[in-house]
Amino acid sequence: AQTVTQSQPEMSVQEAETVTLSCTYDTSESDYYLFWYKQPPSRQMILVIRQEAYKQQNATENRFSVNFQKAAKSFSLKISDSQLGDAAMYFCAHAGYGNKLVFGAGTILRVKS
Amino acid sequence: EPEVTQTPSHQVTQMGQEVILRCVPISNHLYFYWYRQILGQKVEFLVSFYNNEISEKSEIFDDQFSVERPDGSNFTLKIRSTKLEDSAMYFCASSETGLAAGEQFFGPGTRLTVL
């Protein structure tokens, strides 16, 4: 079974600074994807970024980037130039065969002005 | 931009009553999913559905739950006899493929409150 662990229940960052959210996972599958989802107070789930396990190059999407360490089964999210609108709950997730998403417990990100 | 829609946004029901949560997936998507999120907890997979059949279901998805695609557009989740612990946010999602590469698009959720 796949498991996803987010060890930081809550993180804070000053506006315009950088923050890194941690995620580790365990899987028996050889081909899988990893995701970061953002859930603002509206509770809508929004895909932030995704990484295919086969790709060594870390994914980036504008101010969001990941540090994917496959051997360590680590998948952290870096948010650069943090903005007030980044404040939300962030979930790390794994999808393998069957495309079932397995989520971590989430990290609440607070952005201070 | 196409999106997944869900109705109602909030459903309040009495314990023991049946509820049907409705979803309209993105029109060219073939794979459908239900997830739930109890307040303050993580999002949990309930069931996946393809070609009018359940592909996979979790331990949560017991005999009280059923899913159906009654027509070409709707995808429903029925809870036969609701319990207090069914109170949660229920998210529908759809994807074009059933592979891990297929991005799942989520609806805005239905908040179910069981009294």
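Residues numbered from 1 in each chain as written. Chains lettered and ligands numbered in written order. Predicted model: local features only at pLDDT ≥ 70, side-chain atom pairs only at ≥ 80, totals over all residues. Heavy atoms only, no water.

Caption draft 1: Examining the interface of chain A and chain B more closely. On the side of chain B, 24 residues touch chain A, which itself brings 19 residues to the contact. Roughly 1,900 Å² of surface becomes buried between chain A and chain B when both sides are summed, with 51% attributable to carbon and sulfur atoms. Along the contact surface separating chain A from chain B lie one salt bridge. In this structure, the salt-bridge partner of Lys100 of chain A is Glu56 of chain B, at a minimum N-O distance of 3.2 Å. The interface formed by chain A and chain B includes eight residue pairs in polar contact (both at pLDDT 80 or more). Elements supplying a minimum of two residues to the side of chain A that touches chain B: strand 5 (33–39), strand 6 (46–52), strand 10 (88–95) and strand 11 (101–103) of chain A. The leading source of residues in the side of chain A that touches chain B is strand 5 of chain A, at four residues. Residues of the side of chain A that touches chain B, tallied by class, amount to 10 nonpolar, six polar and three charged. (Contact = heavy atoms within 4.5 Å. Buried area = accessible area lost by both parts, 1.4 Å probe. Salt bridge = Lys/Arg side-chain N within 4 Å of Asp/Glu carboxyl O. Polar contact = N/O pair within 3.5 Å; in protein donor to acceptor, adjacent residues only side chain to side chain. Helix = DSSP H or I, 4+ residues; strand = E, 2+ residues; numbered from the N terminus. Nonpolar A, V, L, I, M, F, W, Y, C, P; charged D, E, K, R; others polar.)

Caption draft 2: Region of interest: the state of the cysteines. Residues and elements named next belong to chain A. For the structure on display, the rule yields two disulfides over all chains. For Cys23, the disulfide goes to Cys92, at an S-S distance of 2.0 Å. Because the sign of the S-S torsion sets the handedness, a value of about -70° for the bond joining Cys23 and Cys92 places this disulfide among the left-handed ones. Note that Cys23 is positioned in the loop between strand 3 (19–21) and strand 4 (24–26) and Cys92 in strand 10, a separation of 69 residues in sequence. For the pair formed by Cys23 and Cys92, the shared burial category is buried. (Disulfide = S-S within 2.5 Å. Buried < 20%, exposed > 50% of the residue type's maximum accessible area, 1.4 Å probe, protein only.)

Caption draft 3: The nonpolar core, seen in detail. The biggest cluster of nonpolar side chains holds 25 residues, and the ones touching the most others in it are Trp36, Phe75, Leu77, Tyr90 and Leu109 of chain A. Those residues in contact with Tyr90 of chain A that sit more than four places away from it in its chain are Gln6, Leu21, Trp36, Tyr37, Lys38, Val48, Phe64, Leu77, Ile79, Gly106, Thr107 and Leu109 of chain A. Of all hydrophobic cores here, the second largest spans 21 residues; its members include Phe32, Phe49, Phe65 and Tyr90 of chain B. (Core = buried A, V, L, I, M, F, W, Y, C linked by side-chain atoms within 4.5 Å.)

Caption draft 4: Looking closely at the pattern of salt bridges. On inspection of all chains with the given rule, the structure shows six salt bridges over all chains. A salt bridge links Asp86 of chain A to Arg63 of chain A, with the shortest nitrogen-to-oxygen separation between them at 2.8 Å. Of this pair, Asp86 of chain A sits in the loop between strand 9 (74–79) and strand 10 while Arg63 of chain A sits in the loop between strand 7 (60–61) and strand 8 (64–69), placing them 23 residues apart in sequence. In this structure, Asp86 of chain A and Arg63 of chain A share a single accessibility class: buried. Measuring nitrogen to oxygen at the nearest pair gives 4.0 Å for the salt bridge that ties Asp62 of chain B to Lys83 of chain B. Taken as a pair, Asp62 of chain B in the loop between strand 6 (53–57) and strand 7 (65–68) and Lys83 of chain B in the loop between strand 8 (75–79) and strand 9 (88–95) lie far apart in primary sequence, 21 residues in all. Lys83 of chain B gets classed as partly exposed once you look at its relative accessible area, which sits at 32%.

Caption draft 5: Main features of unusual backbone geometry. Note the cis peptide between Thr7 of chain B and Pro8 of chain B, where omega equals -10°. Here Pro8 of chain B lies in the loop between strand 1 (5–7) and strand 2 (10–13). Look at Lys73 of chain A: it is not a glycine, yet its phi comes out positive at around 55°. Its location among the elements puts Lys73 of chain A in the loop between strand 8 and strand 9.

Caption draft 6: Spatial organisation of the environment of Ile60 of chain B. Residue and element names in this part refer to chain B. Within the secondary structure, Ile60 is located in the loop between strand 6 and strand 7. Sequence-wise, Ile60 and Leu46 are 14 residues apart; in three dimensions their C-alpha atoms are separated by 6.4 Å. Contacts of Ile60, omitting those with residues within four sequence positions, involve Arg36, Glu44, Phe45, Leu46 and Phe65.

Don't take any of this as a statement about function, it's just geometry.
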